[in-house]
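Spelled out, the chains give:
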Amino acid sequence: MSTSTSGVRKSLAKVEIALRWDPSPTGAPAHDLDIVAAVYGAAEPYGEPVHLVHFGSRSPDGTITLNRDSHTGQGFGFDEVMTVELNRMASGLGRVVVGVVIQETGQRGARTKTFAAIGGTGVRIREGHTDLAVSDFADVPAATAAVVAEFTRDAAGVWSLDASVRGFDADPDEFTRAMGAPRG
């Protein structure tokens with residue numbers, strides 16, 4: 001079941017994006033999904049990201065951290081968790097786009113896994129103990145990457161969330177370039 005809400009909340013402060021998936025079958029290559037966040041300046045919300053946060057990195061100001069990272073999906077509950085402290089972001093930052101990308105590639109770099117091929121996928125966006133959006137990627141089964149959240153700051157400094165899931169057929173590098181583009 002895919003549950004998503006668009007423009008769900010305003011006045012967001014600190015949110016958590018959690019990702020889960022089932023491990024691959026025994027003997028098959030591991031499923032490796034990653035959460036990635038792109039931060040954009042208020043003056044150029046669709047330009048080049050000011051910075052990217054992904055496995056092995058965090059935002060320079062410490063407002064976005066990847067608290068848990070998995071390369072296999074093994075474990076209980078959510079396998080990767082990212083915290084975004086919107087309330088601490090500099091006023092010159094106006095947009096944060098969060099996505100999920102499947103890292104696995106086949107021969108000659110071909111994308112071989114999609115969300116439909118990986119069992120138990122799910123993403124949850126919450127603030128405190130309140131779920132803001134939940135999705136299982138059912139709306140983007142043929143995608144190899146997806147935007148799961150877009151946070152924007154209005155002129156008054158209030159952050160809001162659009163949790164519409166958008167799928168992409170892109171490798172990790174292509175996805176980080178395309179994920180912040182305006183919706184078409």
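Scroll up to find the structure.
None of these values were measured; they are calculated from a predicted model.

Caption draft 1: Spatial organisation of the packing of aromatic side chains. Applying the stated rule across the entire model yields two aromatic pairs. With centroids separated by 4.2 Å and ring planes inclined at 0°, the aromatic side chains of Phe115 and Phe137 adopt a geometry described as stacked. Residue Phe115 is located in the loop between strand 6 (93–102) and strand 7 (122–127), and its partner Phe137 is located in the loop between strand 8 (130–135) and strand 9 (145–153); the two are separated by 22 residues in the primary sequence. Ring geometry for Phe168 and Phe175: centres 5.3 Å apart, planes at 70°, overall edge-to-face. Given the relative accessible area of 17%, Phe168 is considered buried. Here the guanidinium or amino end of Arg95 rests over the ring plane of Tyr40, the centre of that ring lying 5.0 Å away.

Caption draft 2: Structural detail: the nonpolar core. In terms of nonpolar packing, the biggest core is built from 38 residues, with Val96 and Phe151 touching the most fellow members. By residue number, the principal contributor to this core is strand 6, which donates five residues. If we ignore the near neighbours within four places in the chain, the residues touching Phe151 are Leu12, Val15, Ile17, Leu86, Gly94, Arg95, Val96, Val98, Ile125, Trp159, Ser160 and Leu161. Judged by nonpolar contacts, the second largest core, of eleven residues, contains Val36, Ala38, Val97 and Val147.

Caption draft 3: Molecular detail of the side chain of Arg166. Considering the arrangement of structural elements, one finds Arg166 in strand 11 (residues 166–168). Reaching out from Arg166, the side chain makes a polar contact with the backbone oxygen of Met179 at a distance of 3.2 Å. In contact with Arg166, not counting residues within four places along its chain, are Val140, Ala145, Ala146, Val147, Glu150, Met179, Ala181 and Arg183.

Caption draft 4: Molecular detail of the pattern of salt bridges. By the definition in use, this model includes four salt bridges. Glu150 is the salt-bridge partner of Arg95, the closest N and O atoms lying 3.0 Å from each other. Of the two residues, Arg95 is situated in strand 6 and Glu150 in strand 9; the sequence distance between them amounts to 55 residues. Each member of the pair, Arg95 as well as Glu150, carries the same accessibility label: buried.

Caption draft 5: Layout of the environment of Ser57. Within the secondary structure, Ser57 is located in the loop between strand 3 (51–53) and strand 4 (64–68). Counting along the chain gives 21 residues from Ser57 to Val36, while the straight-line C-alpha distance between them is 9.8 Å.

Caption draft 6: The pairing of strand 6, seen in detail. Counting buried residues in strand 6 gives ten out of ten residues, a clear majority hidden from the surface. Sheet topology note: the strand 2 (residues 33–41)/strand 6 ladder contains nine bridges and is antiparallel. In the strand pairing of strand 6, Tyr40 is matched with Arg95. Looking at chain direction, strand 6 and strand 9 are connected through seven bridges and run antiparallel. Bridging across to strand 9, Gly99 finds its partner in Val147.

Caption draft 7: Examining the side chain of Arg126 more closely. Positionally, Arg126 belongs in strand 7. There is a polar contact of 2.9 Å between the side chain of Arg126 and the side chain of Asp131. Among residues more than four places away in sequence, those in contact with Arg126 are Lys14, Val15, Glu16, Asp131 and Leu132.

Caption draft 8: Spotlight on the pairing of strand 8. Pairing analysis gives five bridges linking strand 7 to strand 8, with the strands arranged antiparallel. The partner of Val123 across the bridge, within strand 8, is Ser135. Linking strand 7 back to strand 8 in an antiparallel pair, the connection comprises two residues, with Gly128 at a positive phi of about 65°.

Rules of the game
- Residues numbered from 1 in each chain as written.
- Predicted model: local features only at pLDDT ≥ 70, side-chain atom pairs only at ≥ 80, totals over all residues.
- Heavy atoms only, no water.
- Phe/Tyr/Trp six-rings, centres within 6.5 Å; stacked < 30°, edge-to-face > 60°.
- Helix = DSSP H or I, 4+ residues; strand = E, 2+ residues; numbered from the N terminus.
- Buried < 20%, exposed > 50% of the residue type's maximum accessible area, 1.4 Å probe, protein only.
- Lys NZ or Arg CZ within 6 Å of the ring centre and 35° of its normal.
- Core = buried A, V, L, I, M, F, W, Y, C linked by side-chain atoms within 4.5 Å.
- Contact = heavy atoms within 4.5 Å.
- Polar contact = N/O pair within 3.5 Å; in protein donor to acceptor, adjacent residues only side chain to side chain.
- Salt bridge = Lys/Arg side-chain N within 4 Å of Asp/Glu carboxyl O.
- Pairing = 2+ DSSP bridges.

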